[in-house]
Amino acid sequence: MAKFETVRLTTAQATIRFLINQYSERDGKEYRLIPGTFGIFGHGNVCGIGQALLQNELDSTPDGGVMEYYMPRNEQGAVHAAAAYAKAKNRLQTLAVTTSIGPGALNMVTGAALATTNRVPVLLLPSDQFATRYPDPVLQQLEDPRSLDVTVNDAFRCVSRFFDRINRPEQLMPSLMNAMRVLTDPAETGAVVLAMPQDVQAEAFDWPVEMFEKRVWHVRRPAVSETEMARAAAIIKSAKRPLIVSGGGTIYAEASQELRDLASATGIPVSDTQAGKGAINFDHECAVGGVGSTGANSANHLADKADVVIGVGTRYSDFTTASHTQFKNPDVRFVNINVKAFDAAKHAGEMVVADAKLALAALKEALGDYRVSEDYSREIASEREDWFQKTAECYGAHDQELPAQTEVFGALNEMMGDNDVVINAAGSMPGDLQCLWQAKTPVQYHVEYAFSCMGYEIPAAMGVKMALPDSEVVAIVGDGTYQMLPMELATVVQENIKVIYVLLQNYGFSSIGALSESRGSQRFGTRYRMGAGNPHNQDGELLPVDIAKNAESWGLKVLKVHTIEEFRDAYRQAEKSERAVMIHIETNLFGPNPPNCSYWDVAVPEVSRIESTQQARKEYEEALVDQRHYWKQ
């Protein structure tokens with residue numbers, strides 16, 4: 001056997017040293033793939049990964065660099081922050097998260113699912129039971145009588161893109177290489193989970209020195225197949241009413257200029273998904289706004305009649321397709337540009353499996369002098385103008401005691417800079433934002449709507465600010481979301497991360513309340529009221545929960561305002577602040593919200609004793625008439 005120069009390290013020390021020397025590269029630019037690690041320590045990792053991070057902090061020279069350590073308060077929040085960081089970095093960098101065994105590890109499962117659903121990379125290092133099984137069962141171990149090999153970490157298998165358990169130090173090398181492969185693969189990326197038994201973390205091994213040499217992972221731009229492009233271009237050239245649906249893949253590929261160039265050359269209107277908003281600037285003559293269940297009427301009217309839909313980097317969620325009711329033309333065809341064949345094949349589309357930046361440039365060339373008709377261009381302009389007027393009305397003042405949340409959004413949209421970032425994830429706010437927000441740049445709009453996870457916003461703001469320190473980062477948080485996961489406010493204060501939180505207090509779940517009412521369930525269990533255990537009490541006394549004081553207790557500067565004029569003044573103060581700020585404002589639980597002409601399929605009971613549910617079922621059955629699967633032979 002060949003002899004190699006070796007260095008004796010524990011498995012945990014080797015992991016940290018390896019990660020420090022991994023880089024990503026695209027278009028000639030290199031980045032430290034994993035520049036930092038979040039960690040909450042317990043008996044599973046305090047003497048393993050924790051000791052390795054301490055050793056690196058005391059003397060980083062042997063490791064080849066510094067692995068920054070950040071102390072979060074909740075493991076789920078740490079993963080959300082890492083995912084938000086990766087999204088803000090266009091998936092070219094991410095962060096690692098280490099936890100103890102049992103509950104600490106399981107707290108990351110939701111975050112792992114969010115990352116994988118959103119196709120963003122995160123590296124998770126949950127600790128595991130003893131590989132030797134000498135202490136068995138160990139504290140926090142969940143025993144499975146069917147197999148001693150099963151641990152709670154197996155829950156990660158269905159929510160990650162790569163999972164492995166390191167039962168021997170020798171297994172680490174191939175596992176780490178595969179982890180890096182997945183993290184840097186634009187088609188396969190998501191949560192990568194390396195479960196580490198606590199005894200293996202502390203076990204020493206003689207590692208080959210070359211394992212720790214700098215390695216650059218080249219992030220692929222899959223080339224365009226000439227035959228695929230020819231077929232796609234032929235379909236588009238035959239179209240009289242084409243429509244582009246631009247998803248997050250356009251932004252991750254940094255293909256915004258190519259998208260704008262294609263639209264300018266052809267006149268094809270460009271709609272966007274939640275992940276794709278901002279890929280084309282809202283004031284471009286071909287930008288028609290968000291499409292689908294929470295989209296703008298300008299895009300949805302065009303989508304209803306489109307004869308060819310060109311999907312670019314979109315996974316076609318049910319909100320994008322309005323639960324398969326949006327594209328109503330019986331002869332509609334799909335052309336799908338995506339790095340992932342799984343998404344490119346959706347709706348029986350003509351597949352172009354390629355990088356969005358390369359494909360959009362190639363498509364512009366392949367279409368030659370193709371351009372939509374003047375009549376269609378006039379229709380596009382008319383739809384845009386009508387929607388700008390609707391947006392102005394929604395953003396303007398409403399004649400009611402409390403401001404509508406759309407008024408807050410209007411003020412933010414006006415005051416925030418082009419490269420500042422607005423963050424949201426769940427409730428009624430993503431719908432209003434996709435409808436109304438006028439993004440000028442790809443960086444400005446950060447709404448997580450693939451998993452739509454309540455609790456994302458507070459840690460996400462931390463992650464985005466870490467990724468984009470020169471941008472003003474504004475997270476809009478509802479009182480429902482705040483009560484789910486507020487504890488990372490302490491981390492924000494501890495790490496002196498300057499972000500602005502806008503807390504909209506409406507004493508309930510606005511989005512689900514409206515959905516409940518529209519489906520005949522009378523807003524049951526969606527309002528925060530004193531009700532002696534009766535969640536149907538809609539008019540009871542408000543709960544004595546003071547979120548403003550709670551946020552202040554975490555260490556934030558809190559500005560409590562009541563009007564939009566006061567909100568504007570507070571935002572200017574927050575901009576000037578050097579520390580994290582929360583602006584607290586009460587808004588109307590009942591809206592109003594923007595007009596919408598699209599549908600979302602939420603099943604209504606076939607039978608019920610409740611009259612409102614019976615009526616909702618009739619309306620539901622009528623709405624399903626438009627539902628289809630876009631399957632063409």
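That block above? That's the structure.
So, here is what we can say about the structure in this document. Keep in mind that this is a model prediction, so the values were computed, not measured.

### A word on the pairing of strand β8 (residues 162-165)
And step 1. Of the strand pairs in this sheet, β8 and strand β9 (residues 191-197) are connected by four bridges, and their pairing is parallel. What sits directly across from aspartate 164, in β9, is leucine 194.
And step 2. Following the backbone out of β8, through helix α6 (residues 172-183) and into the adjacent parallel β9, one traces a crossover that is right-handed.

### A short note on the packing of helix α8 (residues 226-237) against helix α13 (residues 356-367)
And step 1. Where α8 meets α13, the closest approach of the two axes is 10 Å, and the angle between their N-to-C directions is 55 degrees. Classified by the interaxial angle, the pair formed by α8 and α13 is oblique. Of the two possible hands of crossing, α8 and α13 adopt the one that is right-handed. Contacts between α8 and α13 pair Met229, Ala233, Ile236 and Lys237 from the former with Ala359, Ala362, Leu363, Ala366 and Leu367 from the latter.
And step 2. Residues of the contact of α8 with α13, tallied by class, amount to eight nonpolar, no polar and one charged.

### A few points about unusual backbone geometry
Peptide bonds are, in most cases, trans, and in most cases residues other than glycine have a negative phi.
And step 1. Omega for the peptide link from aspartate 136 to proline 137 comes to 5 degrees, which places this bond in the cis form.
And step 2. When you line up the elements, proline 137 lands in the loop between β7 (122-128) and β8.
And step 3. Here the phi dihedral of arginine 133 falls at roughly 65 degrees; this positive angle occurs in a residue that is not glycine.
And step 4. Among the secondary structure elements, arginine 133 is positioned in the loop between β7 and β8.

### Notes on the sheet that holds strand β22 (residues 557-561)
And step 1. Spatial strand order, β19-β18-β20-β21-β23-β22: six strands in an open sheet with parallel pairing. Bordering the open sheet on either side are β19 (445-447) and β22, each of which pairs with just one other strand. Within the sheet, the average angular offset between the axes of one strand and its neighbour, ignoring direction, is 20 degrees.
And step 2. Strands β18 (421-424), β19, β20 (473-478) and β21 (500-505) of the sheet are contacted by helix α17 (residues 457-467), whose axis makes an angle of about 175 degrees with β20.
And step 3. Contacts from helix α22 (residues 564-576) reach β20, β21, β22 and β23 (581-586), with the element oriented near 175 degrees to β23.

### Digging into helix α21 (residues 547-554)
The α-helix advances 3.6 residues per turn, and as a result positions three or four apart in sequence lie on the same side.
And step 1. Restricting attention to buried positions, one finds in α21 the residues Ile547, Ala548 and Ala551. Projected down its long axis, α21 carries its buried residues within an arc of 105 degrees, all on one side. Across α21 from its buried face, at more than 90 degrees, point the exposed residues Lys549 and Ser553.
And step 2. In this structure aspartate 546 caps α21, since a side-chain oxygen of it lies 3.2 Å from the backbone nitrogen of alanine 548.
And step 3. After α21 finishes, the residue glycine 555 shows a positive phi value of roughly 115 degrees.

### Considerations on helix α3 (residues 75-88)
And step 1. The terminal C-alpha atoms of α3, which comprises 14 residues, lie 20 Å apart, in line with the 20 Å expected from a rise of 1.5 Å per residue.
And step 2. Most of α3 is tucked away: 14 of the 14 residues are buried.
And step 3. Between a side-chain oxygen at the N-terminus of α3 and the backbone nitrogen of glutamine 76 the separation is 2.8 Å; the capping residue is asparagine 74.
And step 4. Taken from the residues just after α3, asparagine 90 is the one with a positive phi, measuring 55 degrees.

### What to know about the pattern of salt bridges
And step 1. By the definition in use, this model includes 28 salt bridges.
And step 2. Ionic pairing is found between glutamate 472 and lysine 498, a salt bridge with its closest N-O pair at 3.1 Å. A residue pair is termed long-range when its members are at least 10 positions apart, and glutamate 472 in the loop between α17 and β20 and lysine 498 in the loop between α19 (488-494) and β21 qualify at 26 residues. For the pair glutamate 472 and lysine 498, a shared accessibility class is recorded, and that class is buried.
And step 3. The network of salt bridges with shared partners includes Asp128, Asp154, Arg157 and Arg165.

### Some thoughts on the environment of proline 592
And step 1. Along the polypeptide, proline 592 turns up in the loop between β23 and α23 (611-623).
And step 2. Looking at proline 592, the relative accessible area reads 33%, which means it is partly exposed.
And step 3. Spatially, the C-alpha atoms of proline 592 and tryptophan 631 are 37 Å apart, while their sequence positions differ by 39 residues.

### Digging into the nonpolar core
And step 1. Ranked by size, the top nonpolar core spans 60 residues in total, and within it Phe38, Leu124, Phe156, Ile423, Tyr482 and Tyr501 carry the most contacts.
And step 2. Among all residues touching isoleucine 423, those that are not within four sequence positions of it are His446, Tyr456, Glu457, Ala460, Ala461, Val464, Val473, Val474, Ala475 and Ile476.

### With respect to the sheet that holds β9
Across a sheet, strands are paired by hydrogen bonds formed along the backbone, either parallel or antiparallel in direction.
And step 1. An order of β5-β4-β6-β7-β9-β8 is seen for the six strands of this open sheet, with the pairing classed as parallel. Whereas interior strands pair on both sides, the edge strands pair on one side only; in this sheet they are β5 (68-70) and β8. Neighbour-to-neighbour, the strand axes of this sheet turn through a mean angle of 20 degrees, independent of strand direction.
And step 2. Sheet topology note: the β7/β9 ladder contains five bridges and is parallel. The residue of β9 that forms the bridge with leucine 124 is valine 193.
And step 3. Contacting β7, β8 and β9, α6 runs over the sheet at an angle of about 160 degrees to β9.

### Re the packing of aromatic side chains
And step 1. The final tally for this structure, using the stated rule, is eight aromatic pairs.
And step 2. On the basis of an interplanar angle of 25 degrees and a centroid distance of 5.5 Å, the ring pair of phenylalanine 41 and tyrosine 69 is categorised as stacked. With phenylalanine 41 in the loop between β4 (36-39) and α2 (49-58) and tyrosine 69 in strand β5, this pair connects stretches of sequence that are 28 residues apart.
And step 3. When its relative accessible area of 33% is taken as the criterion, phenylalanine 41 is described as partly exposed.
And step 4. By the ring-pair criterion, three or more aromatic residues cluster together here, those being Tyr316, Phe327 and Phe334.

The rules we used
Residues numbered from 1 in each chain as written. Predicted model: local features only at pLDDT ≥ 70, side-chain atom pairs only at ≥ 80, totals over all residues. Heavy atoms only, no water. Pairing = 2+ DSSP bridges. Helix = DSSP H or I, 4+ residues; strand = E, 2+ residues; numbered from the N terminus. Right-handed = clockwise from strand over helix to strand, strands pointing away. Axes fitted to C-alpha atoms, helices over the stretch in contact; angles between N-to-C directions. Parallel < 35°, antiparallel > 145°, perpendicular 65-115°, else oblique. Left-handed = near helix turned anticlockwise from the far one by under 90°. Contact = heavy atoms within 4.5 Å. Nonpolar A, V, L, I, M, F, W, Y, C, P; charged D, E, K, R; others polar. Buried < 20%, exposed > 50% of the residue type's maximum accessible area, 1.4 Å probe, protein only. Arc of directions from axis to C-beta. Polar contact = N/O pair within 3.5 Å; in protein donor to acceptor, adjacent residues only side chain to side chain. Expected span 1.5 Å × (residues − 1). Salt bridge = Lys/Arg side-chain N within 4 Å of Asp/Glu carboxyl O. Core = buried A, V, L, I, M, F, W, Y, C linked by side-chain atoms within 4.5 Å. Phe/Tyr/Trp six-rings, centres within 6.5 Å; stacked < 30°, edge-to-face > 60°.

So, to be careful, I would describe these as geometric facts and stop short of saying anything about function.
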